[in-house]
Amino acid sequence: AQKITQTQPGMFVQEKEAVTLDCTYDTSDQSYGLFWYKQPSSGEMIFLIYQGSYDEQNATEGRYSLNFQKARKSANLVISASQLGDSAMYFCAMRGSSSGFQKLVFGTGTRLLVSP
Amino acid sequence: KAGVTQTPRYLIKTRGQQVTLSCSPISGHRSVSWYQQTPGQGLQFLFEYFSETQRNKGNFPGRFSGRQFSNSRSEMNVSTLELGDSALYLCASGSSSYEQYFGPGTRLTVT
């Protein structure tokens, strides 16, 4: 079984600053994938970034980077140069080889508020 | 490419009724997964369909069912609605790679 823990219910950051959203995971699978999604108030889940368990380099997508520390089982999302439009819920999720196929297990989310 | 579409976007039903939600995946994607999101339980996996076959199922009662058609479009059905079924229902479309993209969701309110 897989488990995702997000310990920050809410985070505040000023525009143009960087912010780190924490995510730890637990799995006995050797092969797994870690995802971050953004959910604005409209409800749609927007894919941000993906890290495979065998990827040696941390994933980056524009202003998003994933700080993957396998030994610590953490997969923190770093958003550089925050923008007002980054205000949303952020979910960390994982998919493991034992859970089968496309099933994602989500954390409880972190609400990010970006102020001017 | 068009994204994942879900219809309807909003729905109000009465306890005891049944409801059918629809999801059209991204063209070429053969996997469709369904999730329920509530404030109390968070995001929970319902089931996944691939090439018209259910290949994974979450821990939900039998009132929740789904199917997938030959064009990969999927429907989920909830029978005998309960107040606790009020939720945002999200559909995700996937290919053979790691990618999974979600639709805008259907917000179901049961009164």
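Residues numbered from 1 in each chain as written. Chains lettered and ligands numbered in written order. Predicted model: local features only at pLDDT ≥ 70, side-chain atom pairs only at ≥ 80, totals over all residues. Heavy atoms only, no water.

**Q** Please explain the overall build of chain B as it appears in this structure.
**A** The helix and strand inventory of chain B stands at 0 helices and 11 strands. Starting at the N terminus and walking to the C terminus, you meet the elements of chain B as β-β-β-β-β-β-β-β-β-β-β. Taken over the C-alpha trace, chain B has a radius of gyration of 13 Å; the compact-globule value for 111 residues is 13 Å, and the two agree within 12%. Oriented by its inertia axes, the alpha-carbon framework of chain B measures out at about 40 × 25 × 25 Å. Here chain B holds 111 residues, and 50% of them are scored as buried. Of the contacts made within chain B by residues no fewer than 6 positions apart, 52% connect residues no fewer than 24 positions apart. (Helix = DSSP H or I, 4+ residues; strand = E, 2+ residues; numbered from the N terminus. Rg over C-alpha atoms; globule rule 2.2 N^0.38 Å. Buried < 20%, exposed > 50% of the residue type's maximum accessible area, 1.4 Å probe, protein only. Contact = heavy atoms within 4.5 Å.)

**Q** Any chance you could explain the pattern of salt bridges here in plain terms?
**A** Residues and elements named next belong to chain B. All chains considered together, the criterion is met by 7 salt bridges over all chains. Arg55 is paired through a salt bridge with Glu48; the nearest N and O atoms lie 2.8 Å apart. Between Glu75 and Arg67 there is a salt bridge, with its nearest N and O atoms 3.2 Å apart. Exposure remark for Glu75: the relative accessible area of 15% places this residue in the buried category. (Salt bridge = Lys/Arg side-chain N within 4 Å of Asp/Glu carboxyl O.)

**Q** So what exactly am I meant to see when it comes to the interface of chain A and chain B here?
**A** By a frequent convention, interface size equals the accessible area lost on bringing the separate parts together. Residue-level contacts link 18 residues of chain A with 22 residues of chain B. Buried surface at the junction of chain A and chain B, both sides included, amounts to about 1,700 Å², of which 55% is carbon and sulfur. The interface formed by chain A and chain B includes 0 salt bridges. Inspection of the region where chain A meets chain B yields 3 residue pairs in polar contact (both at pLDDT 80 or more). (Buried area = accessible area lost by both parts, 1.4 Å probe. Polar contact = N/O pair within 3.5 Å; in protein donor to acceptor, adjacent residues only side chain to side chain.)

**Q** Looking at this structure, I do not really get the sheet that holds strand S1 (residues 5-7) of chain B. What am I missing?
**A** Strands pair in a sheet through their backbones, by hydrogen bonds, and they do so in one of two ways: parallel or antiparallel. Residues and elements named next belong to chain B. Read across the sheet, 4 strands follow the order S1-S3-S8-S7 without closing on themselves; strand pairing throughout is antiparallel. Looking at which strands have only one partner, the edges of the open sheet turn out to be S1 and strand S7 (64-68). Taking the axes of each pair of neighbouring strands and ignoring which way they run, one obtains an average angle of 20° across the sheet. (Pairing = 2+ DSSP bridges. Axes fitted to C-alpha atoms, helices over the stretch in contact; angles between N-to-C directions.)

**Q** Quick question: what am I supposed to make of the packing of aromatic side chains here?
**A** For the structure on display, the rule yields 16 aromatic pairs over all chains. Taken together, a centroid distance of 5.8 Å and an interplanar angle of 75° make the contact between A:Phe47 and B:Tyr101 edge-to-face. Pair noted here: A:Phe47 is in strand S6 (residues 46-52) and B:Tyr101 is in strand S10 (residues 100-102), and the two residues belong to different chains. A relative accessible area of 19% places A:Phe47 in the buried class. A residue is classified by how much of its surface remains accessible, and B:Tyr101, at 28% relative accessible area, is partly exposed. Ring pairing ties together the aromatic residues A:Phe35, A:Tyr37, A:Phe47, A:Tyr50, A:Phe91, A:Phe106, B:Tyr35, B:Phe45, B:Tyr101 and B:Phe102, which thus form one cluster. We note A:Arg63 situated over the ring of A:Tyr64; from NZ or CZ to the ring centre the distance is 5.6 Å. Directly above the aromatic system of B:Phe50 lies the positively charged group of B:Arg55, at a separation of 4.2 Å from the ring centroid. (Phe/Tyr/Trp six-rings, centres within 6.5 Å; stacked < 30°, edge-to-face > 60°. Lys NZ or Arg CZ within 6 Å of the ring centre and 35° of its normal.)

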